[in-house]
Amino acid sequence: MTFIHYLGMALALVYGMLTVFGGIMQIKLKEVPLFSTLGFVITGGVVACTPYLIFQSFYNVYLLTFCLFLIHVLALFNGYYLFRKWNIQHHIFRLILSVIIILLLLDYEPLLY
């Protein structure tokens, strides 16, 4: 593995763990519905673990992509639920970070052959 792969794994781990932490804090604050906070905890945990699974099966890239998409949907829901509006810059940043994570982890040479 190269530095690029380790960087992608680290970004996914940090992003996933921050999502889990955000979900746990939302459970404690009880400001958004429980299904949304549990969704954050579960999908964040999967995102944190998926980079290690990608090297076992390429199909786990689809799992990572689905979980990142679900995190975006939940974040949009939470933002609208709490503030009755969306912070577009925040969600564009999330989207860019998600794309970077996927691209860094997709560049694994043995999976391409």
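Criteria and thresholds
- Residues numbered from 1 in each chain as written.
- Predicted model: local features only at pLDDT ≥ 70, side-chain atom pairs only at ≥ 80, totals over all residues.
- Heavy atoms only, no water.
- Core = buried A, V, L, I, M, F, W, Y, C linked by side-chain atoms within 4.5 Å.
- Buried < 20%, exposed > 50% of the residue type's maximum accessible area, 1.4 Å probe, protein only.
- Helix = DSSP H or I, 4+ residues; strand = E, 2+ residues; numbered from the N terminus.
- Contact = heavy atoms within 4.5 Å.
- Disulfide = S-S within 2.5 Å.

A.B. asks: An account of the nonpolar core is needed here, citing residue identities and associated values.
C.D. replies: Where a protein is soluble and globular, its nonpolar side chains tend to be buried together. Among the nonpolar cores identified, the biggest contains 15 residues, and Y15, V47, I54, L64, L68, I101 and L105 are the most heavily contacted of them. Within the residue set of this core, elements represented by two or more residues are α1 (3-29), α2 (34-54), α3 (60-83) and α4 (88-106). Looking at which element gives the most residues to this core, the answer is α3, with five residues. What Y15 contacts, discounting residues up to four positions off in sequence, is V47, L68, I71, H72, R94, L97, S98 and I101.

A.B. asks: Got a sec to walk through the state of the cysteines? Specific residues and values, please.
C.D. replies: The full count for this structure, using the stated rule, is zero disulfides. Summary of cysteine pairing: C49 is not part of a disulfide, and the nearest cysteine sulfur, belonging to C67, is at 10 Å. The class of C49 is partly exposed, set by a relative accessible area of 45%. Accessibility expressed as a relative area gives 5% for C67, which makes it buried.

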